[in-house]
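Structure at a glance
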Amino acid sequence: MDLLLPKFNYILYVVLMMTGLWGMIAKPNLIKKIIGMAIFQTSLILFFISTSVKRGATIPILEHHSEPESHAHVVSVGDQLGDAVHSVATVAQHAVDPAHYMNPLPHVLMLTAIVVGVGTLGVALALAQLVYKQYGTLEEEDIISQIEADASQEDES
Amino acid sequence: MNHEWVMQSGWISQLPALVVIIPFFMAFIVALVGWSHEDRAIFLTEIGLLLSFLASIGCLFVVVEHGPVSYRMAGWAPPMGIEYRVDFLNALVLVVITSCSLISVFFSKAIVQRDFRTRKEHFYTLYLLLVTGLLGITITHDAFNLYVLVEISALTSYALIAMGRGRAAFSAFQYVMIGTIGACFYLIGVGYLYVKTGTLNMSDLQLLIADLHDSRAIKSAFVFIMLGTWIKMGLFPLHGWLPNAYSDAKDSASCLIAPLMTKVSVYIMLRLMLTVFTPSYVFSNAIAGELVLALAVVAIVVGSLKALKQTSLKRMLTYIIVAEVGYMVGGAWTATASGLTGVMYHIISDAAMTLCMFMAVAVISFKRGRDTFDVLPGLYKRMPLTMAAFTVGAFSLIGIPPTCGFFSKWYLLSGAIDAHAWHYMAALIFSSLVNAVLFFRIIEKAFIEPVHAAGAEATVIEMDEAPLRMTLPLVFVAISLIAIGVCTNYIVRAVIQYAIPEGVG
């Protein structure tokens, strides 16, 4: 249990992924397949976001620093050069130390992945609608049997 | 030749970005202009693809002259920013994509006009976006950017396939399901690589993975990425979606999708095998290599046998594509220099062959109304130009010199011999023989078999050729099959040999 708990979200990601995959492959209804696909894609988002989590970290926005313009001003005055160097050093310290911040990159990547997921979902739903208009059903087996019936009719004619 | 050449200034330095950006923006222009002036859509599409083609030719020349070119998107230096990189592996693939799409859009004008009474600009917008996706996949040097572009090309191809006839919508739906699984597997692999290395740039990944060869995460990343690309390219037994999707699409769309989609997926596989994971890692596990080679052999045999069973030309060609994917995967996993040369050369030659055959079949079904074998008799007299091009394409698929199909098979076979992969060699020869049976059966039917017109034998067959706008590009592609074959030595010496990484036997 000690081994499993810290990796809880990774286990959840695998469970969700398998659920989605099972839905896409085994479910006969097209809409259920699409739901499976959405779960599958969402599980990947969970995985990526989990990799950026850090205990006690803040959001990746710089804190405790002065505006860049004031630096230029201070440096140009000259006699306060020592202070300026000091303040630049503190800024650099805060900016560079990544241990305080969550890794923003997986979040950014997942923003893109969410967009891709929405696009795929939209196309899949549109296709399901088209299939329904054409065959009057969303059950895979019924559609396939209709297609086979059409094919054998073509062979006869 | 191996040093990297970062271009400093001038418009030439923007070429790698222009290749992708021109068709991308042209897609929006076509959508906007086509809304009010529908007839200008095709003209704008041709202009966009022509400019992109010229840019890709420019990239190829720069690469041949100066070596690999690196382009920093928006000026951000890699590994932080997205890097576009043209090197010896992808310069030719870029030219193949732009030239195939340009020829195919020029060729298919009449077909599009017949298929789409209104709203033609939708077709052309999707077409340009698909080309953008394929070009982006080829040129990008960023593993996540590649995923996004894979999805762009996949989404547009779903829509293009769904525009087709009969059960096209259902075939496209099945393709969405399997395609999403493929792309997500790739994304999982990239996620594992990112967790272990903290980078997404391919060159950077190569450097960092070198120390992590024993890591289990890297191994599972490799397996996931390979599975993803295999699903995308339709390697047996993951090929189920391919024949339906490609044969149900409209001819205007399948002339673009069939030659390019699988070839670009093979390119992704090569790029990740050679650049990211490096051959020393990929080929270190002999059992896995044997397994993949066996899969490729089965793909070739099953694809060829299934092709033999078909009674419609287009469907037959889709099963030949399944076999050709087996050629390329097998060639890559022979782990020899000649095998890899064969794969890289085959990406070019197979794209040209498939384009030629799909165009020929599109012309036949455009003039005759269908593409089943019963339209064949008398076709050589009715459509001599089309059938001449069809014959050249068929010879190339069989592997008769001096067509390019012969040379790619030559390299693949020598790769098989170097690797002592006798089953792969046997499969290649078997597939050639099956193709020979397949096409000589068609040629015999079209050439010799008498035409039965209403019970009585027709004495005079009138020539009934397709318009020049269709036959000219077709004949051009057929001639280029021979030209590529004749120039094989030059192509391999000037470009492909530098793409083979060091340390491959």
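Please refer to the structure higher up on the page.
Attention in this report is confined to the structure presented alongside it. (Residues numbered from 1 in each chain as written. Chains lettered and ligands numbered in written order. Predicted model: local features only at pLDDT ≥ 70, side-chain atom pairs only at ≥ 80, totals over all residues. Heavy atoms only, no water.)

**Some details on the layout of surface pockets**
Put simply, the test is: Buriedness for pockets is judged along seven lines, at least five of which must meet protein on both sides within 12 Å for an open set on the 1 Å grid over protein atoms alone, while cavities are sets there where a 1.4 Å probe fits but cannot get out, and lining residues have an atom within 4 Å of a point. Grid points are joined across faces, edges and corners, and a volume is the space filled by probe spheres set on the points. Helix numbering and strand numbering both begin at the N terminus, where a helix is a DSSP run of H or I of at least 4 residues and a strand a DSSP run of E of at least 2. Under this grouping Gly is polar, as are all residues other than the nonpolar Ala, Val, Leu, Ile, Met, Phe, Trp, Tyr, Cys and Pro and the charged Asp, Glu, Lys and Arg.
As a volume, the largest pocket reaches approximately 1400 Å³. Forming the walls of the largest pocket are 35 residues, and the residues nearest its centre are A151 and E154 of chain A together with R167, D248 and R315 of chain B. Put simply, the parts of the chain that give the lining of the largest pocket at least two residues each are α5 (104-135) and α6 (140-156) of chain A together with α4 (109-115), α7 (168-197), α10 (241-248) and α14 (313-333) of chain B. Broken down by class, the residue content of the lining of the largest pocket amounts to 7 nonpolar, 11 polar and 17 charged.

**Overview of the interface of chain B and chain A**
Filter applied, for reference: Whether two residues are in contact is decided by their heavy atoms, any of which lying within 4.5 Å being enough. Buried area: the sum, over both parts, of the accessible surface (1.4 Å probe) that disappears when the two are put together. Should a side-chain nitrogen of Lys or Arg be within 4 Å of a carboxyl oxygen of Asp or Glu, the pair is scored as a salt bridge. For this analysis, a polar contact is any N or O atom pair within 3.5 Å, provided that within protein one partner can donate a hydrogen and the other can accept it, and provided that sequence-adjacent residues contribute only side-chain to side-chain pairs.
Tallying the contact residues gives 27 residues for chain B and 36 residues for chain A. Summed over the three residues of chain B that lose the most area to chain A, namely F170, F173 and Y194 of chain B, the buried surface amounts to 23% of that side. Applying the counting criterion to the chain B and chain A interface returns 0 salt bridges. Applying the counting rule to chain B against chain A returns 2 residue pairs in polar contact (both at pLDDT 80 or more). Those elements that provide at least two residues to the side of chain B that touches chain A are α6 (143-162) and α7 of chain B. Among the elements that line the side of chain B that touches chain A, the one with the most residues is α7 of chain B, at 17 residues. For the side of chain B that touches chain A, a count of residues per class yields 21 nonpolar, 4 polar and 2 charged.

**Points about the packing of aromatic side chains**
Selection criterion: For this analysis, a ring pair means two rings from Phe, Tyr or Trp (six-membered ring only for Trp) whose centres lie within 6.5 Å, classed as stacked if their planes differ by under 30 degrees, edge-to-face if by over 60, and tilted for the remaining angles. The buried label applies to any residue whose accessible area, calculated with a 1.4 Å probe on protein chains only, is under 20% of its type's maximum; exposed applies above 50%, and partly exposed to all values in between. For a ring to carry a charge above it, either NZ of a lysine or CZ of an arginine must fall within 6 Å of the ring centroid while also lying within 35 degrees of the normal to the ring plane.
Inspection of the entire model under this criterion finds 29 aromatic pairs over all chains. Between F222 of chain B and W333 of chain B, the aromatic rings sit 6.3 Å apart at their centres with planes inclined by 50 degrees, giving tilted as the arrangement. One end of the pair, F222 of chain B, is in helix α9 (residues 216-233); the other, W333 of chain B, is in helix α14, and 111 residues separate them in sequence. By relative accessible area, which is 10% here, F222 of chain B ends up buried. Classification of W333 of chain B by relative accessible area gives buried; the value is 6%. Of the aromatic side chains, those joined through ring pairs into one cluster are Y10, Y13, F40, F47 and F48 of chain A together with F185, Y192 and F224 of chain B. One cation-aromatic arrangement involves K250 of chain B over F116 of chain B; the distance from NZ or CZ to the ring centre is 5.0 Å.

**A look at the pattern of salt bridges**
Taken as a whole and assessed by the stated rule, the structure comprises 11 salt bridges over all chains. Put simply, K33 of chain A and E140 of chain A hold a salt bridge, and the shortest N to O gap is 3.7 Å. Taken together, the residues span a long stretch of sequence, with K33 of chain A in helix α2 (residues 30-51) and E140 of chain A in helix α6 at a distance of 107 residues. Taken as a pair, K33 of chain A and E140 of chain A share a single burial class, namely buried. Notably, a salt bridge pairs D87 of chain B with R271 of chain B, separated by 3.0 Å at the nearest N-O pair. Placement of the pair is D87 of chain B in the loop between β3 (83-86) and α3 (91-107) and R271 of chain B in helix α11 (residues 251-276), with a sequence separation of 184 residues. Just as D87 of chain B is buried, R271 of chain B falls in that class too.

**Structural notes on the packing of α2 of chain A against α7 of chain B**
To keep things clear, this is the line we draw: Lines fitted to C-alpha atoms define the axes here, with helix axes fitted over just the stretch in contact, and angles between the N-to-C directions of these axes take values from 0 to 180 degrees. For this classification, under 35 degrees means roughly parallel, over 145 means roughly antiparallel, 65 to 115 means roughly perpendicular, and everything else is oblique.
Packing of α2 of chain A against α7 of chain B brings their axes to within 11 Å, and their N-to-C directions diverge by 10 degrees. Our classification of the angle between α2 of chain A and α7 of chain B gives roughly parallel. The residue makeup of the contact of α2 of chain A with α7 of chain B, split by class, is 18 nonpolar, 4 polar and 1 charged.

**Thoughts on the state of the cysteines**
Residues and elements named next belong to chain B. This is how it is decided: Any two cysteine sulfur atoms within 2.5 Å of one another count as a disulfide.
Enumeration over the complete set of coordinates arrives at 0 disulfides over all chains. Here C100 is not disulfide-linked; the sulfur of C255 is the nearest cysteine sulfur, at 10 Å. With no disulfide of its own, C404 lies closest to C356 among cysteine sulfurs, the gap being 9.2 Å.

**Focus: empty space enclosed by the protein**
All names here are of chain B. This structure, assessed with the given rule, holds 4 cavities of 30 Å³ or more. Considering only enclosed or pocket space, the largest cavity measures out at about 100 Å³ in volume. L134, I137, V150, S153, A154, Y175, K232, M261, V264, S265 and I268 are the residues that line the largest cavity. Residue assignment for the lining of the largest cavity shows that the elements contributing at least two residues are α5 (120-139), α6 and α11. At 4 residues, α11 tops the list of elements feeding residues into the lining of the largest cavity.

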